Amino acid sequence: MYIAAEEGGNILLPPLSEIIVGLVAFGVVLFILVKFVFPRMEAMYQARVDAIEGGIKRAEAAQAEANQLLEQYKAQLAEARTDAAKIRDDARADAEGIRQDVLAKAREESDRIIAAGKEQLAAERQTIVRELRAEVGTIAVDLASKIVGESLADEARRKGTVDRFLSNLESTGAR
């Protein structure tokens, strides 16, 4: 450098031979870069872009599928809830029907037992009335025999007398 300054040349301008060698070397490096390196870099760049865009598309597709499955799940869940409510309502209706049937059967059984009890009471009453008539008749005949002084032992006379007496009692009791 010091030498170039003494010769009187421009120190900022390099010698022509160096410029030519530099241009040729630059051309060769540029040719190698353009012919081999840049296409490979572009291919790798495009592969990365495709991978990223493909990943985004796959993620969007997966998201759409997940949303669709979620909607299907919600629809199935709503349908299941509706079915459960229907089953619950049907069970309540069946239970009410069974309850009404049981109550109706219980009422029928109660009515039947009451009717049987009334029939039994009426039969027992008739039996007691018959027994009391016979007993009252016997007592009345014995008492009348003692009062009248004659024996009312004849069965036909005794029965007629007792029946008349009881008929009189019933007719006076009915008034």
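Residues numbered from 1 in each chain as written. Predicted model: local features only at pLDDT ≥ 70, side-chain atom pairs only at ≥ 80, totals over all residues. Heavy atoms only, no water.

As a further point, take the overall build of the protein. On a plain count of helices and strands, the protein comes out with three helices and zero strands. Ordered by position in the sequence, the α and β elements of the protein form the string α-α-α. Within the span of the protein, comprising 175 residues, buried residues form 4% of the whole. Surface exposure of the protein reaches about 15300 Å², of which carbon and sulfur atoms provide 63%. (Helix = DSSP H or I, 4+ residues; strand = E, 2+ residues; numbered from the N terminus. Buried < 20%, exposed > 50% of the residue type's maximum accessible area, 1.4 Å probe, protein only. Areas by Shrake-Rupley, 256 points an atom, 1.4 Å probe, with all protein chains shown as cover.)

Quick look at the UniProt feature "coiled-coil region" (unreviewed entry) in the protein now. Here the UniProt-annotated "coiled-coil region" (unreviewed entry) positions come out as residues 52-90. Between the first and last C-alpha atoms of residues 52-90 the distance is 56 Å; the span itself is 100% helix and 0% strand. (UniProt positions renumbered as here; feature names shortened; annotations may be inferred.)

The next thing to look at is the confidence of the model for the protein. Of all residues in the protein, 87% have pLDDT values of 70 or greater, and the mean over the chain is 85. When pLDDT is averaged over each element of the protein, helix 2 (residues 16-148) comes out on top at 90 and helix 1 (residues 2-7) at the bottom at 52. (pLDDT = per-residue confidence, 0-100.)

Side chains that differ in charge, positive against negative, can pair when their charged atoms come close. Following the criterion strictly, the structure yields four salt bridges and no others. The closest approach of N and O atoms between arginine 92 and aspartate 89, which form a salt bridge, is 3.8 Å. A residue pair is termed a helical-turn pair when its members lie 3 or 4 positions apart in one helix, as arginine 92 and aspartate 89 do in helix 2 at three residues. Judged by its relative accessible area of 54%, arginine 92 falls in the exposed class. Given a relative accessible area of 44%, aspartate 89 falls into the partly exposed group. A salt bridge links arginine 112 to glutamate 109; its shortest N-O distance comes to 2.4 Å. Remark: glutamate 109 and arginine 112 occur in helix 2; sequence separation between them is three residues, near one turn of the helix. Taking relative accessible area as the criterion, glutamate 109 reaches 36% and is therefore assigned partly exposed. (Salt bridge = Lys/Arg side-chain N within 4 Å of Asp/Glu carboxyl O.)

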